[in-house]
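# Descriptive structure summary
Okay, here's what each chain looks like letter by letter:
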Amino acid sequence: MNSNEYLMKDLVNGSVWGPKSQVISSVTYDSREISQDDAFVCITGEHHNGHLYIEQAIKNGATTIIGTESDSLYTYSKAFPGVSFIHVEDSRLALAHVSSLLFGSPSESLYTIGVTGTNGKTTVSTFIHSLLNDLSCRTGCLGTAGIWDEERKTDFKQTVPTTPEAPDIHRVLDYFKQRDLKAAVIESTSIAIEQKRLAGIDFNVAVHTNLTPEHLEFHGTMEAYKEAKLKLFDQAKRAVVNLDDPVMSPDIIKRFDGSLMTYGTHESADFRADNIRTTIEGTSFTLIFDDLHYRVDAPVFGEYNISNLLAAIATCYQMGHSLHDILSVVWGITCPEGRYQLVDNEAPFQIVLDYAHTPDALATVLNTVKQVPHRRLIVMITGVGLRDPKKRPLMAEVAEGISDEIVVSVDQPGHANRQEVVNDVLKGFKAPNSPHIHSQLHREDAIHYAFDLAEPGDLVLLTGIGFGGYQIIGDERVPYSEMDVVDAYFDQDYRCRKTV
């Protein structure tokens, strides 16, 4: 049997109509992406039923069809006797299983680290990736910041912003394996866990950052949201848990029966930070571990990033690296794009970019920038069209009273009405008609408006989903570059405006 020829029983445990073995080139859930000899998995979702696209998939070259509707599969098997039809109980679980099998179960050859939490996933993942590579453990990373091998950002197409679908995950893991990488860090969202994109991956370490309300438009309740994230720890050998988070850490500690280490400022944390001091160059703190004290200087900003750094340090320690070796490379740690990113250009005012698009993340970054010397604080906040509308006014509540000028705009509108999104945010202000509160329906315009308000000595904080390379407008992913928008403002026209 060739490496890409499979008995149907090897793929999934279900009823089979048609040929009992089949050559399979790849697997997908999108009938439009089918090529010759591919397997098509019928996913039934809120808006689409993959079983309705079986004939299109076959016309495009599919030789294997996997789905949950036995009557439909049986009927099609009579019309297409050369195609194998497999009935399963769970299409998404089958998609993950087949994806892993087709790529030779690459996760089994890698040390896998899953990072979950409402905020901090990207930063923690990037910190772990950076530290491990500096420790000579060649590591790749999948997440919001892109797909990275040990050296650079790759050109893999991401169909999902953070955690890819199962075929893409295993394709990337196979690429890591072929490059002889030793480890892979995977940002693990609650939706991806619930949709079983990560099923079948036995994580060596699962990392928890925090839990605050998010994605409730998908999960429905906070309990369902938390339970989705807890499932990651059911498929992990070791755990790293934020003891400062009272919402989810007790559940993990009670539920997890493997090796578990905690971090935070809590006096009981295994890795504890104390005497945290932020300067213009970064942050210094005392790391307390096993009753020993270590002075640490890191090129990161804010107490929340010290928490993220502790998570990364604890993870590397769980992997067997000595604390001495880990701390020796902290000074060179790489920070992710758009996470408290300082913009270095000709502006007479300071510009900081941050991905904060949830109320607690916004509160955290605002607390950090307050510690940086400045004249006035000008903040751009956004409402997210694709997310829970109840969060939008909370963004205003957080920003009001801290910022001198506030510009409200829209991120990832999808099919939402931009003005309605802005209005939702404005409802959170006690004084929405204040002359210091402004609104712009498009992110680009809001950024330029914030710059127009700025004067020498001011600090402009641009928050929201300005990274990832696109904005979702309607059903389309429209290319978007935050730095291009920033740079466009500081051209000759800008210099002329400011000197007139």
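Just above, that's the structure.
Remember, it's a predicted structure, so these values are computed and weren't measured experimentally.

Our next topic: the overall build of the chain. Helix and strand content of the chain: 18 helices and 25 strands. By the compact-globule yardstick of 23 Å for 500 residues, the chain fits well, its C-alpha radius of gyration being 24 Å. Along the first, second and third principal axes, the C-alpha atoms of the chain reach 75 × 55 × 40 Å. In the chain, which comprises 500 residues, the proportion classed as buried is 57%. Residue pairs in contact within the chain that sit at least 24 positions apart in sequence constitute 65% of those at least 6 positions apart. Both charge centroids of the chain, one from 43 positive and one from 68 negative side chains, sit 2 Å from each other.

So, about the sheet that holds strand 5 (residues 39-41). With mixed pairing, five strands are arranged side by side in an open sheet as 2-7-6-5-4. Each having just a single partner strand, strand 2 (16-17) and strand 4 (27-28) make up the two edges of the open sheet. When strand 4 meets strand 5, the two strands line up parallel, connected through two bridges. Within the sheet, the bridge partner assigned to T28 lies in strand 5 and is F40.

All right, on to the sheet that holds strand 8 (residues 111-116) then. To summarise the sheet geometry, strands pair through backbone hydrogen bonds and adopt either a parallel or an antiparallel arrangement. Strand order in this open sheet of ten strands is 10-9-11-8-12-13-14-15-16-17, and the pairing throughout is mixed. For this open sheet the edge positions go to strand 10 (146-148) and strand 17 (292-298), each flanked by a neighbour on one side alone. Sheet twist, expressed as the mean angle between neighbouring strand axes with direction ignored, is 20°. Where strand 8 and strand 11 (residues 183-187) come together, five bridges link them in parallel fashion. Pairing of G114 across the sheet is with I186, part of strand 11. Lying over the sheet, helix 9 (residues 222-234) contacts strand 8, strand 12 (203-208) and strand 13 (236-242), oriented at roughly 150° with respect to strand 12.

As paired strands, strand 16 (residues 283-289) and strand 17 are joined by seven bridges and run antiparallel to one another. Note on strand 17: the bridge partner recorded for T283 is A298. Two successive antiparallel strands, strand 16 and strand 17, enclose a turn made up of two residues, where D290 displays a positive phi of approximately 55°.

The phi torsion at D37 lies on the positive side, around 70°, for a residue other than glycine. Here D37 is to be found in the loop between strand 4 and strand 5.

The next thing to look at is the nonpolar core. Nonpolar side chains in soluble globular proteins tend to be buried together. Ranked by size, the top nonpolar core spans 40 residues in total, and within it I113, I128, L131, V207, F271 and I313 carry the most contacts. Considering each element in turn, this core owes the most residues, eight residues, to helix 11 (residues 303-318). What I113 contacts, discounting residues up to four positions off in sequence, is I128, L132, A184, V185, I186, F203, V205, V207, T315 and M319. Ranked by size, the runner-up nonpolar core spans 28 residues in total, among them Y340, A361, A396 and F429.

Now for the packing of aromatic side chains. In this structure the tally under the stated criterion is 13 aromatic pairs. In this structure an aromatic cluster arises from ring pairing among F349, F451, Y489 and F490.

Let us look at the pattern of salt bridges. Evaluated as defined, the whole model comprises 25 salt bridges. Of the charged contacts in the structure, one is a salt bridge between E150 and R138, with a shortest N-O distance of 2.6 Å. In this pair, E150 sits in the loop between strand 10 and helix 6 (166-178) while R138 sits in the loop between helix 5 (121-134) and strand 9 (139-143), placing the two residues twelve residues apart along the sequence. Here E150 falls in the buried class, since its relative accessible area comes to 13%. Of the residues examined, R138 reaches a relative accessible area of 29% and is grouped as partly exposed. Its salt-bridge partner being D168, residue R171 comes within 3.0 Å of it at the nearest N-O pair.

Attention now goes to the pairing of strand 25 (residues 476-479). With four bridges joining them, strand 24 (residues 470-473) and strand 25 adopt antiparallel strand pairing. Paired with Y470 across the two strands is P479, which belongs to strand 25. The antiparallel pairing of strand 24 with strand 25 creates a hairpin that spans two residues between the two strands, and G474 there sits at a positive phi of about 65°.

Rules used in this analysis
Residues numbered from 1 in each chain as written. Predicted model: local features only at pLDDT ≥ 70, side-chain atom pairs only at ≥ 80, totals over all residues. Heavy atoms only, no water. Helix = DSSP H or I, 4+ residues; strand = E, 2+ residues; numbered from the N terminus. Rg over C-alpha atoms; globule rule 2.2 N^0.38 Å. Buried < 20%, exposed > 50% of the residue type's maximum accessible area, 1.4 Å probe, protein only. Contact = heavy atoms within 4.5 Å. Lys, Arg positive; Asp, Glu negative; His and termini not counted. Charge placed at Lys NZ, Arg CZ, Asp CG, Glu CD. Pairing = 2+ DSSP bridges. Axes fitted to C-alpha atoms, helices over the stretch in contact; angles between N-to-C directions. Core = buried A, V, L, I, M, F, W, Y, C linked by side-chain atoms within 4.5 Å. Phe/Tyr/Trp six-rings, centres within 6.5 Å; stacked < 30°, edge-to-face > 60°. Salt bridge = Lys/Arg side-chain N within 4 Å of Asp/Glu carboxyl O.

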